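Next come the chains, spelled out residue by residue.
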Amino acid sequence: MAPNDSVAVTIERPYNSVKAKSSVSFLEKQKAASPKQFTWVLLLKVNRIFACLSWLPMAFRKRIALSDMSDEEPRNRGKLYRFIKAFLVLSIVALGVEVIAHYKNWNLNLVHQPWEVQSLVHWSYVAWLSFRVDYIAPVALFLSKFCIVLFLIQSLDRLVLCLGCFWIKFKKVKPTIEPDAYDVEDPSSFPMVLLQIPMCNEREVYEQSIAAACQMDWPRDKLLIQVLDDSDDIVLQNLIQDEISAWSQNGINIIYRHRLIRTGYKAGNLKSAMGCEYVKDYEFVAIFDADFTPNPDFLKLTVPHFKVNPELGLVQARWTFVNKDENLLTRLQNINLCFHFEVEQQVNGVFLNFFGFNGTAGVWRIKALEESGGWLERTTVEDMDIAVRAHLNGWKFIFLNDVKALCELPESYETYKKQQHRWHSGPMQLFRLCLPAILTSKISIWKKANLIFLFFLLRKLILPFYSFTLFCIILPLTMFIPEAELPLWVICYVPIFMSFLNILPSPKSFPFLVPYLLFENTMSVTKFNAMVSGLFQLGSSYEWVVTKKTGRSSESDLLALAERESSIEEKISRRNSESGLELLSKLKEQEVAPPKKKKNGIYRKELALAFLLLTASARSFLSAHGVHFYFLLFQGLSFLVVGLDLIGEQIS
C-alpha cells in the first residue's frame, strides 16, 4: 500500500498577480510623477508667499494713512524712542555685515596673518569681532546674567503666590461672617452706610451705575448714595441730575454733588465728598466707579465682616467683566486680572491682611480713612496710597473672592495703554513719597520688608524693568553678540511655565497661552516707560485720563433696568416733559462742534521694537538658532500687530 503522505499544494490566483503587477506599475508611475508634482506644489507655495509679501507693504501704507497719530505727541516719543531707533539702525547695519560675512564664509579663526584679509569690509568685520569679544561681550554677559537673576526672583515670587493660592483652595480658607450679624427684621441694627459713585463725563454708564446703587438691599434710612459728578458737560450734568431726581422721587436717599473747582482728579472728588457735615453720621463708605453694577446683596455680604473685627479697615470684592470675550485684547486682560484677584489679592489678604485697594468695589471703615489721613491728591494711584497709609496705621484688610461686582474692560488699545501707564507710574510716585513713612512706622520689620521689597520693588519696579530689558533689548542684542547668548530655558521653558500659572485662574483661556506670553512682553515697553516716568517724577507720570466706557450691560442688568423703568414710568415721562424744553434750549445755546472722527492709532515705539526684533530674528536665522529665531519672529510680529493697533477695537 502506498504511504499516506499529505502534500500541501499552493495555487496562485491570477487576479492577485495581475493586481500586484498593476500596483507595481502604478507606484513606478507615481514615483515618476511625484518630482513634477512636488515642483508644482513648491512653485504654488512660493507664489502665495510673494503675493502675501507684496500685499503687506500696501496694507501697511493703508493702515498708516487711515490711522490717527495725534496721540503720539513728540513729548511722548522721548529718550526711550530715540534709543530704540538708534538700536534699530545699528542692528540693521550689523545684519547687513553679517549677511555679507555669511555668504563669503568669513571666520575670525581662519585669519592668522594680516595679508589673509581680503578687503576693507573683511578687515572691518575682523576688527569688529575682536572688539566684540574683548569689550562688548563681557558687558552684555553681565547685563544678561543680572536680568536673569531678577527674572528668577520674580518667577519664584509668582510661584510662591500660586502655592499659597493652592493651599487656600485645599484648606477651603475664606473669611466668614456670623449668621446673625444683623437682625433682618430689625432695620435699626444695621449700620449707617455711605455709597459713593465718583464719575467724570461717564455718559455711557451713569444710568446703570446709579440704578445698581439704588437697588441695593439695605434699609433705606441707613443708606445714602452720593453721585460725585466731575463732568464738564452741562447737558450731561442735567441728565444725571434728572436721573437722580427720578430715583429720589421713588424714595431713595440719593444726592448729587458737583465741584466747581475740579482739582485732584478722583482723590480730590472723594476728599471733597468726605468733607460734608453729614458724613460724621455714617460708619462705613462703599465706593463704586461709574461702570460698576454690583448685585443688590453686595452690602449684606461685605459690611457684616466689620462687626466682629474692630481692626478691620477695608473689605475688597472681586471684579468680573461683562465684555471679557469682546476681542483678543479683553481676553488677555481678563487673564491678568483673574490672576491678580484670585492669586495676588486673595493670598495677600489671607496671609498678610494687606493688599492694594483696587479703588472700587470695596467698603471702608470711615474711621480707618480718617486716621490714615484721608484721600490725598499727591499721586495718580490714590487707592494704593490710602491702602499703604492704613496698613502703616495697623488696619487690616479682607479680600472676598466670592463676592463679585460686574464692570467693563477697555476695548481699545489706546484706552488700555493709558490705563496701564497710570497704573505703573503711580506706584513709583507713591514709593518715593511713602518710603520715609514706611521706615519710621511702628509695624514689624517683616511687614516693612514686604512693603519695600515685594510690594513696591519686586512687583512694581523689577517686573517691568527686566521684562523690557531682557526680552526686548538684551535678547535681540545677543543675536549679534553670540558670546552672551541667552539659554533656552530663559526665553522658552520658564516663561511658558509662568504663563501657564497665570492662566490657571481662568482655565477657559488656555488656548491663548502663547498670545498672552507675547502680549505681556509687548506691553513691557509701556510699563517700563511708565515706571521710569513715575520713579523720576517726569511730566507724563501726573497724567490722568478717564478710562473710556462703552456702557455694555449683562442680561441681568437689562432685566433689572426694564423692571425699574416700568415701575417709575409715569414719573420719568412727567420729568421729561418738564425738563425736555430746558435741555433743548441749553443745547441750542451751546455751539457744539461736530465730534472728531476717531481712528485707530499708530504707536511708534512698538513699531520700532517690531522691526528691531524682526531684524534680530533674521540674524538668528543665519545662525540656525531654532527656538531663538521663532521667539524673535513671533515677538516681532506681536509688536507689529500692537503698533498698528490691530489687537483691540477696530474703528472703521
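Residues numbered from 1 in each chain as written. Predicted model: local features only at pLDDT ≥ 70, side-chain atom pairs only at ≥ 80, totals over all residues. Heavy atoms only, no water.

**Quick word on the overall build of the protein chain**
Here's step 1: Each helix and strand counted, the protein chain has 18 helices and eight strands in total.
Here's step 2: When burial is assessed residue by residue, the protein chain has 48% of its 652 residues classed as buried.
Here's step 3: At a minimum sequence separation of 6, the contacts of the protein chain that also span at least 24 residues come to 82%.
Here's step 4: For the protein chain, the exposed area adds up to about 33700 Å²; of that, 62% sits on carbon and sulfur atoms. (Helix = DSSP H or I, 4+ residues; strand = E, 2+ residues; numbered from the N terminus. Buried < 20%, exposed > 50% of the residue type's maximum accessible area, 1.4 Å probe, protein only. Contact = heavy atoms within 4.5 Å. Areas by Shrake-Rupley, 256 points an atom, 1.4 Å probe, with all protein chains shown as cover.)

**A look at the packing of helix 12 (residues 445–480) against helix 17 (residues 604–622)**
Helix-helix packing: each pair is described by the crossing angle between the helix axes and the interaxial distance.
Here's step 1: Packing of helix 12 against helix 17 brings their axes to within 8 Å, and their N-to-C directions diverge by 40°. As for how helix 12 packs across helix 17, the hand of that crossing is left-handed. On helix 17, the residues that touch F468, F471, C472, P476, M479 and F480 of helix 12 are L609, L612, L613, T615, A616, R619 and S620.
Here's step 2: Residues belonging to the contact of helix 12 with helix 17 are distributed by class as follows: 10 nonpolar, two polar and one charged. (Axes fitted to C-alpha atoms, helices over the stretch in contact; angles between N-to-C directions. Left-handed = near helix turned anticlockwise from the far one by under 90°. Nonpolar A, V, L, I, M, F, W, Y, C, P; charged D, E, K, R; others polar.)

**Thoughts on the sheet that holds strand 6 (residues 312–321)**
Here's step 1: Read from one edge to the other, the open sheet built from eight strands follows the order 3-2-1-4-7-6-8-5, with strand pairing classed as mixed. Edge strands, defined here as strands with exactly one partner in the open sheet, are strand 3 (254–258) and strand 5 (293–294).
Here's step 2: Relative to strand 8 (residues 396–407), strand 5 runs antiparallel, the two being bridged by two bridges. The residue of strand 8 that forms the bridge with P294 is A405. (Pairing = 2+ DSSP bridges.)

**Remarks on the pattern of salt bridges**
Here's step 1: If you walk through the whole model with that rule in mind, you get 19 salt bridges.
Here's step 2: The closest approach of N and O atoms between R378 and D385, which form a salt bridge, is 2.9 Å.
Here's step 3: Overall, R378 belongs to the partly exposed group, its relative accessible area being 31%.
Here's step 4: What makes D385 buried here is its relative accessible area of 0%.
Here's step 5: Put simply, K417 and E606 hold a salt bridge, and the shortest N to O gap is 3.3 Å. Here the residue K417 occupies a position in helix 11 (residues 413–440), and E606 occupies one in helix 17, the gap between them amounting to 189 residues.
Here's step 6: Accessibility expressed as a relative area gives 0% for E606, which makes it buried.
Here's step 7: Several salt bridges converge on common partners, so that one network encompasses K169, R318 and E342. (Salt bridge = Lys/Arg side-chain N within 4 Å of Asp/Glu carboxyl O.)

**Notes on the nonpolar core**
Here's step 1: In terms of nonpolar packing, the biggest core is built from 138 residues, with I225 and W364 touching the most fellow members.
Here's step 2: Listed in part, the 13 residues of the second largest apolar core include L329, I503, L513 and M523. (Core = buried A, V, L, I, M, F, W, Y, C linked by side-chain atoms within 4.5 Å.)

**Considering the packing of aromatic side chains**
Here's step 1: Enumeration according to the criterion identifies 27 aromatic pairs in this entry.
Here's step 2: Here F341 and F399 contribute two aromatic rings whose centre-to-centre distance is 6.0 Å and whose plane-to-plane angle is 15°, an arrangement assigned as stacked. Of this pair, F341 sits in helix 8 (residues 328–351) while F399 sits in strand 8, and the two are 58 residues apart along the sequence.
Here's step 3: Counting every residue linked through ring pairs, the aromatic cluster contains F292, W319, F341, F354, F355, F357, W364, F397, F399, F431, F455 and F456.
Here's step 4: Note that K460 overlies the ring of F455, its terminal NZ or CZ placed 4.3 Å from the centroid. (Phe/Tyr/Trp six-rings, centres within 6.5 Å; stacked < 30°, edge-to-face > 60°. Lys NZ or Arg CZ within 6 Å of the ring centre and 35° of its normal.)

**Description of the UniProt feature "transmembrane region" (unreviewed entry) in the protein chain**
Here's step 1: On the UniProt side, "transmembrane region" (unreviewed entry) is annotated at positions that read residues 38–60, 80–103, 135–153, 451–480, 486–504 and 606–622 here.
Here's step 2: The distance separating the terminal C-alpha atoms of residues 80–103 is 35 Å; by composition the span is 100% helix and 0% strand.
Here's step 3: Summarising residues 486–504: 84% helix, 0% strand, and an end-to-end C-alpha distance of 28 Å. (UniProt positions renumbered as here; feature names shortened; annotations may be inferred.)

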